[in-house]
Amino acid sequence: MSNANEIWGRRLKEARIAAGLSQKQLGIQAGLDQFVASPRINRYELGVHKADYKIAQNLAKILDVPTGYFYTEEDNLAELMLNFYRLPAKKKNDIIKLARMHSS
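Calculation notes
- Residues numbered from 1 in each chain as written.
- Predicted model: local features only at pLDDT ≥ 70, side-chain atom pairs only at ≥ 80, totals over all residues.
- Heavy atoms only, no water.
- Helix = DSSP H or I, 4+ residues; strand = E, 2+ residues; numbered from the N terminus.
- Buried < 20%, exposed > 50% of the residue type's maximum accessible area, 1.4 Å probe, protein only.
- Contact = heavy atoms within 4.5 Å.
- Areas by Shrake-Rupley, 256 points an atom, 1.4 Å probe, with all protein chains shown as cover.
- Axes fitted to C-alpha atoms, helices over the stretch in contact; angles between N-to-C directions.
- Parallel < 35°, antiparallel > 145°, perpendicular 65-115°, else oblique.
- Left-handed = near helix turned anticlockwise from the far one by under 90°.
- Polar contact = N/O pair within 3.5 Å; in protein donor to acceptor, adjacent residues only side chain to side chain.
- Phe/Tyr/Trp six-rings, centres within 6.5 Å; stacked < 30°, edge-to-face > 60°.

### Side note on the overall build of the protein
Thought 1: Helix and strand content of the protein: six helices and zero strands.
Thought 2: Counting helices and strands in the order they occur from the N terminus, the protein gives α-α-α-α-α-α.
Thought 3: Seen along its three principal axes, the alpha-carbon backbone of the protein occupies a region of about 50 × 30 × 20 Å.
Thought 4: Counting the 104 residues in the protein, one finds 29% classified as buried.
Thought 5: For the protein, contacts bridging at least 24 residues in sequence account for 45% of all contacts bridging at least 6.
Thought 6: Split by element, the accessible area of the protein, about 6,900 Å² in all, is 54% carbon and sulfur.

So, in structure tokens, the structure goes:
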């Protein structure tokens, strides 16, 4: 089983690649100095360093993913979170209603 830093790093890398950004591009957009942008993102992705929650929120915003996506241990739940996050509000409400009906 992966540790939390490895999961966080893997999810960051998946989201960055899906967004079509290099480590350096992501780091610069996140406000890091251009000379440390790539190594810092690389260390996050490798699980060597863990970003604090504020940085995680900023990276999530840039990558258009929910912040919780980085933290959830289950891959299925991470995928569900990502898909739900990107739905229009009406569809989100419909899914919540459906889930409530089936959880009773």
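### Notes on the environment of L46
Thought 1: Among the secondary structure elements, L46 is positioned in helix α3 (residues 37-46).
Thought 2: Accessibility expressed as a relative area gives 56% for L46, which makes it exposed.
Thought 3: In the structure, L46 is positioned 43 residues away from A89 in sequence and 34 Å away in space, judged by C-alpha atoms.

### Section: the packing of helix α1 (residues 4-18) against helix α4 (residues 53-63)
Thought 1: Viewed as axis vectors pointing N to C, α1 and α4 meet at an angle of 30°, and their least axial separation amounts to 10 Å. Considered as vectors, α1 and α4 are oriented roughly parallel to each other. You can see that α1 and α4 cross each other, and the crossing is left-handed. From α1, W8, L12, A15 and R16 reach across to α4, where they touch A56, L59 and L63.

### A look at unusual backbone geometry
Thought 1: For D64, which is not glycine, the phi dihedral falls at a positive 55°.
Thought 2: On the basis of relative accessible area, D64 is assigned to the partly exposed category, the value being 38%.

### Here's the deal with the side chain of E45
Thought 1: Examined against the element boundaries, E45 turns out to sit in helix α3.
Thought 2: A distance of 2.4 Å separates a polar atom in the side chain of E45 from a polar atom in the side chain of R16.

### Section: the side chain of T72
Thought 1: With respect to the helices and strands, T72 occurs in the loop between α4 and α5 (75-85).
Thought 2: Non-local contacts of T72, meaning those with residues more than four positions away in its chain, are made with I7, R11, L77, A78 and M81.

### Here's the deal with the packing of aromatic side chains
Thought 1: Counted by the stated rule, this structure contains five aromatic pairs.
Thought 2: Between W8 and Y44, the aromatic rings sit 5.9 Å apart at their centres with planes inclined by 75°, giving edge-to-face as the arrangement. Here Y44 lies in helix α3 and W8 lies in helix α1, a separation of 36 residues in the sequence.
Thought 3: Among the residues examined, Y44 registers a relative accessible area of 4% and is labelled buried.

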